[in-house]
Amino acid sequence: MPWLKTWADDGWTTQAALDAFDRLPAVTPDAMTGSWRGSELPTGHPLDGLLALYGWRGKRFGDAETVDPLVFDRDGEPVAIHPGLLPLGVALSLPRIARTEAARGLFRLILPLIATRLPKARLRTVEHRGQASAGMIYDDLPIIDHFRRVDDTRRLGLMDLRQTPQPFFFLLTREV
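A few points on the structure. Every value quoted in this text rests on a predicted model; they were computed, and no experiment measured them. Going along each chain's sequence as written, the residues are numbered from 1 onward. Whole-chain, interface and lining totals are the exception, using all residues; otherwise, since this is a predicted model, local features are given only for residues with pLDDT of at least 70 and side-chain atom pairs are given and counted only at 80 or more. Side-chain metrics rest on all non-hydrogen atoms present in the structure, leaving aside hydrogens and water.

## Describing the packing of aromatic side chains
Part 1 of the reasoning: Aromatic pairs are defined between Phe, Tyr and Trp rings, using the six-membered ring for Trp, whenever the two ring centres lie within 6.5 Å; interplanar angles under 30 degrees are classed as stacked, those over 60 as edge-to-face, and all others as tilted. Counting across every chain of the model gives 11 aromatic pairs.
Part 2 of the reasoning: An angle of 25° between the planes, with centres 6.0 Å apart, marks the rings of Trp3 and Trp12 as stacked.
Part 3 of the reasoning: Pairing Trp56 with Phe170 gives two aromatic rings, centres 6.0 Å apart and planes at 90°, and the pair type is edge-to-face. Of the two residues, Trp56 sits in strand E2 (residues 56-63) while Phe170 sits in strand E9 (residues 168-174), which places them 114 residues apart along the sequence.
Part 4 of the reasoning: Grouped by ring-pair contacts, the aromatic residues Trp3, Trp7, Trp12, Phe21 and Phe169 constitute a single cluster.
Part 5 of the reasoning: The ring of Phe170 carries the charged tip of Lys59 above its face, separated from the ring centre by 5.1 Å. Labels follow the DSSP assignment, with helices taken as runs of H or I lasting at least four residues and strands as runs of E lasting at least two, numbered in each case from the N terminus. To sit over a ring, a charge needs its Lys NZ or Arg CZ within 6 Å of the ring centre and within 35 degrees of the ring normal.

Here it is as structure tokens:
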């Protein structure tokens, strides 16, 4: 879909992103099962580009109760982390500090300490923007990721975080 490439390359306004999200069909929680590669879709959100800087790989859904909401690459291997241990407030209020090489180096050092083998989110059908679709509810943070179906192998994600007035958008592509 050419609109996704345009969005990824050039960025969109939040309103244009919401319009695209609203046009896509719902997806069931069962249709989310598996490992998914993540990529960010810029809209001017304070978190735009940050996940990629830190080596975000994507998300894993074993079933509705077994979800790894944040998976990062460590030496080419996927590592699920405990999102509640991330300094999200710093990333939002001091984004320039979060983007420094020192902050990324610190993240690489603490990655083994914040890694987890326990699920840290659940999947449910959640109504958002007038449509019931799969939603990932974080265990320890005021976040719900809402998903819509792009096609058989891709999902558009919208992160609804209580601390930010605008959503954060990302694309998930099924890993084979």
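From this point, things continue past the structure.
## Details of helix H2 (residues 14-23)
Part 1 of the reasoning: Classification of residues uses two cut-offs on accessible area relative to the type maximum, computed with a 1.4 Å probe and protein chains only: under 20% is buried, over 50% is exposed, and between them is partly exposed. Buried residues of H2: Thr14, Ala17, Leu18, Ala20 and Phe21, and no others. Buried residues of H2, seen end-on, are gathered within an arc of 160° and therefore sit on one face of the element.
Part 2 of the reasoning: Pairs of residues are marked as contacts when any of their non-hydrogen atoms sit within 4.5 Å. On its buried face, H2 is in contact with helix H1 (2-10), strand E5 (121-128), strand E7 (143-151), strand E8 (154-161) and E9. By definition, the arc is the one covered by directions from the helix axis to the C-beta atoms.

## Quick word on the layout of surface pockets
Part 1 of the reasoning: Within this model, the largest pocket holds a volume of roughly 620 Å³.
Part 2 of the reasoning: A cavity, in this analysis, means grid points on a 1 Å lattice covering only the protein atoms where a 1.4 Å probe fits yet has no way out; a pocket is instead an open set bounded by protein on both sides within 12 Å along at least five of seven lines, and a residue lines either one if it has an atom within 4 Å of a point. As for the largest pocket, its lining consists of 27 residues, and the residues nearest its centre are Leu50, Leu86, Pro87, Leu88 and Ala91.
Part 3 of the reasoning: Those elements that provide at least two residues to the lining of the largest pocket are helix H3 (50-53), E2, strand E3 (66-74), helix H4 (88-93), helix H5 (95-98), helix H6 (101-114), E7 and E9.
Part 4 of the reasoning: No other element matches H6, which puts 4 residues into the lining of the largest pocket.
Part 5 of the reasoning: Here the lining of the largest pocket is built from residues that sort into 25 nonpolar, no polar and 2 charged. Grid points are joined across faces, edges and corners, and a volume is the space filled by probe spheres set on the points. Gly is put with the polar residues, along with every residue not named as nonpolar or charged; the nonpolar set is Ala, Val, Leu, Ile, Met, Phe, Trp, Tyr, Cys and Pro, and the charged set is Asp, Glu, Lys and Arg.

## Thoughts on the pattern of salt bridges
Part 1 of the reasoning: Here a salt bridge means any side-chain nitrogen of Lys or Arg lying within 4 Å of a carboxyl oxygen belonging to Asp or Glu. Within the structure shown, the criterion is met by 13 salt bridges.
Part 2 of the reasoning: Between Asp22 and Arg129 there is a salt bridge, with its nearest N and O atoms 2.7 Å apart. A residue pair is termed long-range when its members are at least 10 positions apart, and Asp22 in helix H2 and Arg129 in the loop between E5 and strand E6 (131-138) qualify at 107 residues.
Part 3 of the reasoning: Taking the relative accessible area as the measure of exposure, Arg129 reaches 40% and is therefore partly exposed.
Part 4 of the reasoning: Here Glu175 ties to Arg37 by a salt bridge, and the two come within 2.7 Å at their closest N and O atoms. Remark: Arg37 occurs in strand E1 (residues 34-41) and Glu175 occurs in the segment after E9; sequence separation between them is 138 residues.
Part 5 of the reasoning: Among the charged side chains, a network of salt bridges with common partners joins Arg37, Arg57, Asp73 and Glu175.

## So, the side chain of His45
Part 1 of the reasoning: Relative to the elements of secondary structure, His45 occurs in the loop between E1 and H3.
Part 2 of the reasoning: Owing to a relative accessible area of 3%, His45 belongs among the buried residues under this scheme.
Part 3 of the reasoning: Between N or O atoms, a polar contact is any pair within 3.5 Å; within protein, one atom must be a potential hydrogen donor and the other a potential acceptor, and residues adjacent in sequence are included only when both atoms are from side chains. A distance of 3.4 Å separates polar atoms of two side chains, one belonging to His45 and the other to Thr164.
Part 4 of the reasoning: Engagement of the side chain of His45 in a polar contact is seen with the backbone oxygen of Gln166, the distance being 3.3 Å.

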